[in-house]
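Residue strings, one per chain:
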Amino acid sequence: MPQLLDIALDAMGSDKSPDPEIRGAILACRNLPVRVHLVGPEDRIRAGLRAAARSSLRRNQMRNASEARATLRKYLDELPIVIHHTDEWITMDDKAATAIRKKPNSSMRLGLKLVKDKTVSGFFTAGNTGAAMATSKMVLGALAGVDRPALASIMPTSSGQPSILLDVGANVDCKVQHLVQFAVMGNVYARRMLGIANPRVGLLSIGEEETKGNELTLEAFAALKELPIQFMGNVEGRDIYNGTADVIVCDGFVGNVALKTSEGLAKLFTTELRAALTSTVTAQVGALLSRKAFGEFKKRLDYTEYGGVPLLGLRGVCIIGHGSSNDRAIFNGIRVAAEFSQAGVNDSIEEALAQRVAVPVET
């Protein structure tokens, strides 16, 4: 059997926790070489595990109650899941600073401490984004050469090769050196995680010309030109989706607006498309014949397939998912945390920032 990689999971993060986390953890344990450390109230986690196991075994015909109990016990015992108990967790309504101070034993904080202590290789939460960012910075700290860690989001493109947009909300106000660091970190992430040999890096602005933009982007343009990366200059909002650039750099205010606009547009598009395809009998027949193609299209836009966004620049691995994450999104968040930790991203970021060069991928 392959050696299992330990990943911590905030069991109380999502809007409907802990059920999606528990089902996602089981899915991950059955399909990935991971051991999941669920952090949260032990009684609720164990009850949720039993309920999920019963649901999975429901189709099996047991001869008697004793056999059913034995099968359930065996199923649970074979799952590589570890429970870390705490009776504190951060809700979506909690303010980040207040939650950190008043909930020192939150599931989020204890999960990140497992990363710091090297008990696990990575951490995933679908909880309060602001609290996750603040807590991870406090518990793990930043890599050498990183002033501010950045949230990097994977964006689908028409080329089929996703692009990376950063920062998407960790840093609302940025200086030039922050954008320079984002470019280096995004470059490394594209190499290590997406396998792009020489990523094209663009600066998000209001026009392609070097003279377009505000004071920040104008100064950042000049600084990015000096980096030994494939800097392609300014890109516009439409370039996020057309595959022109592999890495797109911006401050967290602009990036968050772009990300939330994208999420809203994707939801509107799928809702309207579904309505159009069920409006007439002819449309329904066409939808039936095109079901596979529409399924593939929806999958490319579905955030649950991407799992979560990494907070780049930390001394550890922290992946943050959507609050409405279902079990599939939790599964993919665990997968991304595992892949990130194995790819050596953090070591490469430190080396690249120290040398201001793009670290090549080992072959």
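Fair warning: this is a prediction, and the values are worked out from it, not measured in the lab. (Residues numbered from 1 in each chain as written. Predicted model: local features only at pLDDT ≥ 70, side-chain atom pairs only at ≥ 80, totals over all residues. Heavy atoms only, no water.)

(A) Layout of unusual backbone geometry. Omega for the bond connecting Ser 17 with Pro 18 falls within 30 degrees of zero, at 0°, which places this linkage in the cis form. Across the junction of Leu 166 and Asp 167, the peptide omega takes the value 5°, indicating a cis bond. Considering the arrangement of structural elements, one finds Asp 167 in the loop between β6 (163-166) and α7 (176-194). With a phi close to 65°, Lys 118 is a non-glycine residue in the positive phi region. When you line up the elements, Lys 118 lands in the loop between α5 (107-116) and β4 (122-125). What makes Lys 118 exposed here is its relative accessible area of 73%. (Helix = DSSP H or I, 4+ residues; strand = E, 2+ residues; numbered from the N terminus. Buried < 20%, exposed > 50% of the residue type's maximum accessible area, 1.4 Å probe, protein only.)

(B) Examining the sheet that holds strand β1 (residues 5-10) more closely. Strand order in this open sheet of 11 strands is β3-β2-β1-β4-β11-β10-β5-β6-β9-β7-β8, and the pairing throughout is mixed. A single partner strand is all that each edge strand has here, and the edge strands are β3 (81-85) and β8 (230-235). The mean angle between the axes of side-by-side strands here comes to 25°, regardless of whether they run parallel or antiparallel. Both β1 and β4 contribute to a ladder of 3 bridges, which runs parallel. The partner of Ile 7 across the bridge, within β4, is Gly 122. The strands touched by helix α13 (residues 327-342) are β1, β2 (34-40), β4, β10 (309-312) and β11 (318-320); relative to β1, the strand with the most contacts, the crossing angle is about 135°. (Pairing = 2+ DSSP bridges. Axes fitted to C-alpha atoms, helices over the stretch in contact; angles between N-to-C directions. Contact = heavy atoms within 4.5 Å.)

(C) Inspection of the packing of aromatic side chains at higher detail. One pass over the full model with this rule turns up 2 aromatic pairs. Ring geometry for Tyr 189 against Phe 340: centres 5.9 Å apart, planes inclined by 40°, an arrangement best described as tilted. One end of the pair, Tyr 189, is in helix α7; the other, Phe 340, is in helix α13, with 151 residues separating them in the sequence. A centroid spacing of 5.2 Å and a plane angle of 75° characterise the contact between Phe 221 and Phe 231, whose relative ring orientation is edge-to-face. Of this pair, Phe 221 sits in helix α8 (residues 215-225) while Phe 231 sits in strand β8, and the two are 10 residues apart along the sequence. Summarising the burial analysis for this pair, Phe 221 and Phe 231 share the class buried. (Phe/Tyr/Trp six-rings, centres within 6.5 Å; stacked < 30°, edge-to-face > 60°.)

(D) Molecular detail of the nonpolar core. Core analysis: the largest hydrophobic core is formed by 66 residues, its most contacted members being Val 36 and Leu 166. If you tally residues by element for this core, the top one is α7, at 10 residues. Not counting chain neighbours up to four residues away, the residues in contact with Val 36 comprise Ile 7, Leu 9, Ala 25, Ala 28, Cys 29, Pro 80, Ile 81, Val 82 and Ile 334. (Core = buried A, V, L, I, M, F, W, Y, C linked by side-chain atoms within 4.5 Å.)

(E) Summary view of the pattern of salt bridges. Under the counting rule described, the total for this entry stands at 11 salt bridges. The residue Lys 103 makes a salt bridge to Asp 94 at a minimum N-O spacing of 2.7 Å. Given a relative accessible area of 22%, Asp 94 falls into the partly exposed group. (Salt bridge = Lys/Arg side-chain N within 4 Å of Asp/Glu carboxyl O.)

(F) Quick peek at α13. Here α13 spans 23 Å end to end across 16 residues, near enough to the 22 Å set by a 1.5 Å rise per residue. The complete set of buried residues in α13 reads Ala 329, Ile 330, Phe 331, Asn 332, Gly 333, Ile 334, Val 336, Ala 337, Ala 338 and Phe 340. You can read the cap of α13 off the contacts: a side-chain oxygen lies 3.1 Å from the backbone nitrogen of Arg 328, and it is on Asn 326. Looking one or two places after α13, you find Gly 344, whose phi comes out positive at around 65°. (Expected span 1.5 Å × (residues − 1). Polar contact = N/O pair within 3.5 Å; in protein donor to acceptor, adjacent residues only side chain to side chain.)

(G) Quick look at α8. For α8, the full list of buried residues reads Leu 216, Thr 217, Ala 220, Phe 221 and Leu 224. Along the axis of α8, the buried residues cluster in a sector spanning 135°; they form a single face. Of the surrounding elements, those touching the buried residues of α8 are α7, β7 (200-204) and β8. Two or three places before Leu 216, at the start of α8, stands the capping residue Asn 214, its side-chain oxygen 3.2 Å from that residue's backbone nitrogen. (Arc of directions from axis to C-beta.)

(H) Quick peek at the environment of Ala 134. Within the element layout of this structure, Ala 134 appears in helix α6 (residues 129-140). Excluding residues that lie within four positions of it along the chain, Ala 134 makes contacts with Ala 96 and Ile 100.

(I) Representation of the packing of α7 against α8 in the model. Two numbers describe how α7 lies on α8: the axes approach to 9 Å, and their chain directions differ by 50°. With respect to α8, the element α7 is oriented oblique. Here the hand of the crossing between α7 and α8 comes out right-handed. Judged by residue contacts, Val 176, Leu 179, Val 180 and Ala 183 of α7 engage Leu 216, Glu 219, Ala 220, Ala 223 and Leu 224 from α8. Residues that form the contact of α7 with α8 fall into these classes: 8 nonpolar, no polar and 1 charged. (Parallel < 35°, antiparallel > 145°, perpendicular 65-115°, else oblique. Left-handed = near helix turned anticlockwise from the far one by under 90°. Nonpolar A, V, L, I, M, F, W, Y, C, P; charged D, E, K, R; others polar.)

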